[in-house]
Amino acid sequence: MRTQVAIIGGGPSGLLLSQTLNRAGIETVVLERRSRDYVLSRIRAGILEWGTVEMLRQAGVGARMDREGFVHDGTRIASRHQSFRIDFAERAHRNVMVYGQTEVTQDLYAAQDKLGTPIIHCVDGVELHDLDTETPYVTFSADGRDQRLECDYIAGCDGFHGVSRRSIPEERRTEHVRTYPFGWLGVLSETPPVGSELIYANHARGFALASMRNTQLSRYYIQAPADDPLEKWGDQTFWDELRRRLPEDVAEQMVTGPSIEKSIAPLRSFVAEPMRWGRLFLCGDAAHIVPPTGAKGLNLAVSDVHYLSDALITGYQGIEDSLDQYSTRALARVWKAVRFSWWMTNLMHRFPEHTDFDLRMQETEIDYLAHSQAAQTVFAENYVGLPY
Ligand code: FAS
Ligand code: PHB
């Protein structure tokens, strides 16, 4: 089997890269470890930066998002002393779209099926070979057969636990890590959202976030020990704790109901450099992870796709140095999103090592954000997404 670009991973970055390249006349094959149902069962991101919205529209997969998504012009920040709104439209002249990652992935699969792109699910034993030559190839097993895929380039879109990053020689890789001493307990419930926009709450008991997917589907998170057993968090225990952490006026009107999904995700900041090794290019979570506080994970995967698809398309047109520029260009934006996500996580969460001074610094930073147009402009331009 042969293709131009072999894509490892059928999540948002792999599928969007494949869709973008196919529309530019470049052939791809996507190799995905899991079944399609399994990939589509994942509940993850919910906020699309304006750059992501544009990329999806340009890739021809924006129609349902534009019909069913919700444009948000701002968000609410709450703390012990105050609650205030940051207006994205006024401060950054942009907005964000509320449209779940699951929906984005579904739209991408549908579009790829329409193009007839080969997407091979339930592959096993993926290995990448001869990356530092002009004839790289991938071996894997699928349908009970060992297979080989010859290609010009390999895109490692296989997430944090994938094989691609590990295929770069250890001595050529630098990994930067910050592990946070807590996780996020997330709940999805078929209940009307508690507000028309998101609410990020800094509370003495821990962080809380009220989000949504549509007018009848709410998404909530609370800071919790990353190793907590889910059994500890029955629905009523979760709702009671969430109520304690949200502002009173919000908690009073919150509609609760049975959780239809509940999970605890660890929080970490992680960046692997470089994002290229020979003919292998890392993209999305394969190269970096951010705490979800700043709603950046999925959106960073999309900006990587923007840079990588641009580099591959111009590379095939004979402009070689665009491929050489990929890692530097992508990492410049990745680090800015890592910074914002780290800053917002420190601003909104309780850390076990916090002293009284640290808590006063948090309160002061939130008070400054509440009253400074300049501070709100900085927040807004990062939250809606910095330019590509
Ligand atoms: P993905 O991990 O989505 O996709 C990688 C794909 O590669 C997977 O389908 C996997 O099965 C496949 N794969 C792995 N190894 C393979 C192999 N060896 N061979 C073939 N295929 C292989 N981001 C936000 O912005 N907001 C959030 O609220 C948020 N919540 C999250 C909650 C959780 C529990 C997790 C894990 C992540 C969350 N994220 C969030 C981040 C998330 O949305 C990612 O940024 C996004 O999925 C990145 O997309 P990909 O790079 O495609 O990686
Ligand atoms: C979500 O709706 O899943 C969501 C929204 C904002 C975040 C993180 C997650 O910062």
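Refer to the preceding data block for the structure.
Conventions we followed
Residues numbered from 1 in each chain as written. Chains lettered and ligands numbered in written order. Predicted model: local features only at pLDDT ≥ 70, side-chain atom pairs only at ≥ 80, totals over all residues. Heavy atoms only, no water. Near = heavy atom within 4 Å. Polar contact = N/O pair within 3.5 Å; in protein donor to acceptor, adjacent residues only side chain to side chain. Areas by Shrake-Rupley, 256 points an atom, 1.4 Å probe, with all protein chains shown as cover. Helix = DSSP H or I, 4+ residues; strand = E, 2+ residues; numbered from the N terminus. Buried < 20%, exposed > 50% of the residue type's maximum accessible area, 1.4 Å probe, protein only. Contact = heavy atoms within 4.5 Å. Axes fitted to C-alpha atoms, helices over the stretch in contact; angles between N-to-C directions. Left-handed = near helix turned anticlockwise from the far one by under 90°. Nonpolar A, V, L, I, M, F, W, Y, C, P; charged D, E, K, R; others polar. Phe/Tyr/Trp six-rings, centres within 6.5 Å; stacked < 30°, edge-to-face > 60°. Salt bridge = Lys/Arg side-chain N within 4 Å of Asp/Glu carboxyl O.

Peer 1: Help me understand the site of ligand 2 in this model?
Peer 2: Taken together, 14 residues form the shell around ligand 2, and within it Tyr200, Ser211, Arg213, Tyr221 and Pro292 come nearest. Taking arginine 44, its main chain carries an N or O atom lying 3.5 Å from an oxygen atom of ligand 2. In this structure, an oxygen atom belonging to ligand 2 sits 2.7 Å away from a main-chain N or O atom of proline 292. When ligand 2 sits alone it has 280 Å² of accessible area, and the protein chains cover 97% of it. Of all the secondary-structure elements, those providing two or more residues to the shell around ligand 2 are strand S15 (208-214) and strand S16 (217-224). For the shell around ligand 2, the element with the most residues is S15, which contributes three residues.

Peer 1: I would appreciate a short explanation of the side chain of threonine 3 in the present structure.
Peer 2: Mapped onto the elements of the fold, threonine 3 is located in the segment before strand S1 (5-8). Threonine 3 sits in the buried class, given a relative accessible area of 3%. In this structure the side chain of threonine 3 is engaged in a polar contact, spanning 3.4 Å, whose partner is the backbone oxygen of glutamate 27. At a separation of 3.4 Å, a polar atom in the side chain of threonine 3 contacts the main-chain amide nitrogen of threonine 28. Not counting residues up to four positions away in its chain, the partners in contact with threonine 3 are Glu27, Thr28, Val29, Leu149, Glu150, Cys151 and Asp152.

Peer 1: Teacher, can you tell me more about the packing of helix H1 (residues 12-22) against helix H6 (residues 101-115) here?
Peer 2: How two helices pack is summed up by the angle between their axes together with the distance between the axes. Packing of H1 against H6 leaves a shortest axis separation of 9 Å and a crossing angle of 35°. Handedness of the crossing formed by H1 with H6: left-handed. Contacts between H1 and H6 involve Pro12, Leu15, Leu16, Ser18, Gln19 and Asn22 on the former and, on the latter, Gln101, Thr105, Leu108, Tyr109, Ala111, Gln112 and Leu115. Class assignment of the residues belonging to the contact of H1 with H6 gives a composition of seven nonpolar, six polar and no charged.

Peer 1: Would you take a moment to explain the packing of aromatic side chains for this structure?
Peer 2: Two descriptors summarise a pair of aromatic rings, namely the distance from one centre to the other and the angle between the planes of the rings. Evaluated as defined, the whole model comprises 18 aromatic pairs. Plain terms: the ring middles of phenylalanine 379 and tyrosine 383 are 5.8 Å apart, the flat faces sit at 10° to each other, and that makes the pair stacked. Of this pair, phenylalanine 379 and tyrosine 383 are both found in helix H12 (residues 373-383), four residues apart, which corresponds to roughly one turn of the helix. Given a relative accessible area of 1%, phenylalanine 379 falls into the buried group. With relative accessibility at 2%, the residue tyrosine 383 sits in the buried group.

Peer 1: Which parts of the structure should I look at to understand the pattern of salt bridges?
Peer 2: For the structure shown, the criterion picks out 26 salt bridges. The salt bridge involving aspartate 113 is made with arginine 36; its shortest N-O contact spans 2.6 Å. Here aspartate 113, found in helix H6, pairs with arginine 36, found in helix H2 (residues 36-41); they are 77 residues apart in sequence, far enough to count as distant. Between aspartate 66 and arginine 57 there is a salt bridge; the shortest N-O distance is 2.8 Å.

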